[in-house]
Amino acid sequence: MASPTKVQFPSFMLTICGELYAPIEGSPDRKGAAVVVSHPMTGVKEQTSADYAKVLAKAGFYALTFDAGYQGESTGEPRGLEDPHQRVEDCKAAVTYLSTLQGKVDRDRIGVLGICASGGYTSYAAQSDCRIRALATVSAACVGRMTRDGGLHEENSNKEDSQAIAGALKAAGNWRVDEMLAPVHQQAPKMFSVDPSEIPADADSFFKDAAAYYGSERGHHVRSDQRVPLMSYDLMVSYDSFNLQHLISPRALLMIAGSNAQTFHYSRTAVAAAREPKELFTVEGKNHFDLYDDLDKSGPKLVDFYGKYL
């Protein structure tokens, strides 16, 4: 496969860096259909986004990966900031960029794929952007609910934890003051370690799985350092990905999740809240991170989905 083309486009006041994958020679004629692929929280475009983009390009689609604002090769300070509304705007800006590629992309055949937290961000984007003609997610999660609930497991779901919220807001506020006083930007703390040897035996299973992916050769990337400025949490606490999921209809929704994923409940409840056409596709025996680079089931399913709806 030919190397992707480096591209840039604006999003709010930032410059977003992306890579455009063209349909490979001999692939089916998709009549200019294209898919935006948005990466997980703490990830970059060269990881799972690239894996999915390559599958889509082999199937005849244009595929655009990109680094979120403040992250990867895109601009913005402080580095690593996780701003849900910026992330949503980045998705919409990527759709705008694809829409300008006259002679290549048909602006009426643009879909979006969101992975992990981006499954939430792209849902929020699709709810209010009718240019997104079909939405699919893989291992979707909502960073707002995660923050308010003090965790992402189903037993915490929709049970606001006042102590978790207070702790997150206090840490964010202190970070903002320290950032103002500091002569240089503070180094953000790591959200989790990627060294399995540093993970306690009693650690949350999600973070054990995260370390197994990001700490491996298959998941490691130098620009993916898992550092998230604490001010991100007061940006996330009042955000919700799926409250208006019904607004995606009549455009199609596909949500893919592993049966063993700690985040499976997000996809299940988000599909339940949506209207037709919608589908929850479960990959048996897989956890949240398995689907980042095991595309045996999710890859063909996405090709079929975008082939039908784009």
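Being a predicted model, the structure only gives us computed values, none of them experimental. (Residues numbered from 1 in each chain as written. Predicted model: local features only at pLDDT ≥ 70, side-chain atom pairs only at ≥ 80, totals over all residues. Heavy atoms only, no water.)

**Structural notes on the sheet that holds strand E2 (residues 14-21)**
What the eight strands build is an open sheet, ordered E1-E2-E4-E3-E5-E6-E7-E8; its pairing is mixed. Here the strands that pair on one side only, and so sit at the sheet edges, are strand E1 (5-11) and strand E8 (278-283). Between one strand and the next, the sheet's axes are offset by a mean angle of 20 degrees, whatever the strand orientation. Relative to strand E4 (residues 62-66), E2 runs antiparallel, the two being bridged by four bridges. Residue pairing for E4: Tyr21 is matched across the bridge by Ala63. Running over the sheet, helix H8 (residues 264-273) touches strand E7 (252-258) and E8 and is turned about 160 degrees from E8. (Pairing = 2+ DSSP bridges. Helix = DSSP H or I, 4+ residues; strand = E, 2+ residues; numbered from the N terminus. Axes fitted to C-alpha atoms, helices over the stretch in contact; angles between N-to-C directions. Contact = heavy atoms within 4.5 Å.)

**Quick word on helix H6 (residues 205-214)**
Of the positions making up H6, those classed as buried are Phe206, Ala210, Ala211, Tyr213 and Tyr214. Within H6, the buried residues cover an arc of 165 degrees as seen down the axis, which keeps them to one side. Residues of H6 that are buried make contact with helix H1 (48-58) and helix H9 (290-293). (Buried < 20%, exposed > 50% of the residue type's maximum accessible area, 1.4 Å probe, protein only. Arc of directions from axis to C-beta.)

**With respect to the side chain of Gln226**
Inspection of the secondary structure puts Gln226 in the loop between H6 and helix H7 (232-236). A residue is classified by how much of its surface remains accessible, and Gln226, at 3% relative accessible area, is buried. Only 2.9 Å separates the side chain of Gln226 from the side chain of Ser224, close enough to count as a polar contact. (Polar contact = N/O pair within 3.5 Å; in protein donor to acceptor, adjacent residues only side chain to side chain.)

**A word on the pattern of salt bridges**
As enumerated under the stated definition, the model contains 18 salt bridges in all. A salt bridge links Lys6 to Glu19, with the shortest nitrogen-to-oxygen separation between them at 2.9 Å. With Lys6 in strand E1 and Glu19 in strand E2, this pair connects stretches of sequence that are 13 residues apart. Taking relative accessible area as the criterion, Lys6 reaches 51% and is therefore assigned exposed. The class of Glu19 is buried, set by a relative accessible area of 9%. (Salt bridge = Lys/Arg side-chain N within 4 Å of Asp/Glu carboxyl O.)

Scope: geometric values only; no functional claims are made or implied.
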